[in-house]
Amino acid sequence: MTQTDGYLLDNRQTEAGQRFDAFATLFDPTTFRHIERFGIGSGWRCWEVGAGGTSVASWLAKKVGPTGRVVATDIDTSWAASAARSPVEIRVHDVGAEEPPGEGFDLVHARLVLVHVPDRERALRSMVKALRPGGRLLVEDADPALQPLLCPDEHGPEQQLANRLRQGFRKLLAERGADLSYGRKLPRLLREAGLREVEADAYFPVTSTACADLESATVRQIRGQLVTAGIATNVDIDRHLANVASGSMDLATAPMISAWGRK
């Protein structure tokens, strides 16, 4: 991700790896579908912004081959370090505060990154600057304000508790500067950044094992903050985690909006 003060979901916690695995299961097919449409192939130069885990960088490496280049950046590269083999280069980098790690990229991609960046405008400018003429930018971010519920079908006390905790989680994110309606702004922002052929779509899983895995890891990761803020008690959290583990609830994510354009 990118550097913020008091970032709620930093990469140093054990649950971060479980979240990365869930994100890969949920969202990699959508990400890869878009990039495939761009015509990615041998020799492409790619910048993966806020890499977090390894799934996207490793997939890009297979696509670009030994003549290509994949630069994967994050403020904490501990989880991505295992992907550091040619043609992948891992760098510690803050997209919201530093110059891009090079220029002339055929593809720049960021997923679930900019929503958390304090200086999102600078980060987007940096990503566009890094593209070659004709290069592609793909930005994917959630829009929790479009769909704020963990359980869209709130038909019982278990779902009500789940939605209360999700509301508290998003309150904590907003207090730390996250823009919970950022995803819907992406098409306009890409056009304003000078990109052409801008398009966008959204993916919204309503229930899956990966949604449950993501929820469990997230709640365990932010448990202390939920209790300290008075949003939930430890009893509430234990009950919710047991409900999630039971598999009896349909757990959704916020819509993931993908927007892309050409420089």
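Residues numbered from 1 in each chain as written. Predicted model: local features only at pLDDT ≥ 70, side-chain atom pairs only at ≥ 80, totals over all residues. Heavy atoms only, no water.

Focus: the sheet that holds strand β6 (residues 196-203)
- Taken in spatial order, the seven strands make up an open sheet running β3-β2-β1-β4-β5-β7-β6, and their pairing is mixed. At either margin of the open sheet sits one strand with a lone partner, and together these are β3 (88-92) and β6. Strand-to-strand twist of the sheet, defined as the mean angle between neighbouring strand axes without regard to direction, takes the value 15°.
- Bridge analysis of strand β1 (residues 45-49) against strand β4 (residues 105-111) gives four bridges, and the strand direction is parallel. Looking across to β4, one finds that Trp47 is bridged to Val108.
- Along the sheet, helix α1 (residues 14-37) makes contact with β4, β5 (131-142), β6 and β7 (256-262), crossing β4 at roughly 155°.
- Sheet strands touched by helix α3 (residues 120-129): β1, β4 and β5. Its angle to β5, the strand with the most contacts, is close to 145°. (Pairing = 2+ DSSP bridges. Helix = DSSP H or I, 4+ residues; strand = E, 2+ residues; numbered from the N terminus. Axes fitted to C-alpha atoms, helices over the stretch in contact; angles between N-to-C directions. Contact = heavy atoms within 4.5 Å.)

Some details on the side chain of Thr253
- With respect to the helices, strands and loops of the structure, Thr253 is situated in the loop between α7 (234-246) and β7.
- Non-local contacts of Thr253, meaning those with residues more than four positions away in its chain, are made with Leu26, Phe27, Gln147, Phe204, Pro205, Cys211 and Leu214.

Comments concerning the environment of Thr228
- By the element assignment, Thr228 lies in helix α6 (residues 209-228).
- On a C-alpha basis, the gap between Thr228 and Val139 in space is 33 Å, while along the polypeptide they are 89 residues apart.
- Among the polar contacts listed, one links the side chain of Thr228 to the backbone oxygen of Gly224, at a separation of 2.8 Å. (Polar contact = N/O pair within 3.5 Å; in protein donor to acceptor, adjacent residues only side chain to side chain.)

What about α6?
- In a regular helix each residue adds 1.5 Å, so 20 residues correspond to 28 Å; α6 covers 29 Å between its end C-alpha atoms and thus fits that length.
- Along α6, the largest kink reaches about 60° and is centred on Ile222.
- For α6, the complete set of buried residues consists of Ala210, Cys211, Ala212, Leu214, Glu215, Ser216, Ala217, Thr218, Val219, Gln221, Ile222 and Leu226.
- If you follow the buried residues of α6, they end up packed against α1, α4 (157-175) and α7.
- For α6, the capping residue at the N-terminal end is Ser208, with a side-chain oxygen 3.3 Å from the backbone nitrogen of Ala210.
- Following α6 by one or two positions, Gly230 adopts a phi angle in the positive range, close to 75°. (Expected span 1.5 Å × (residues − 1). Bend = angle between axes of the 7 residues up to and from the residue. Buried < 20%, exposed > 50% of the residue type's maximum accessible area, 1.4 Å probe, protein only.)

What is shown is where atoms sit, not what they do.
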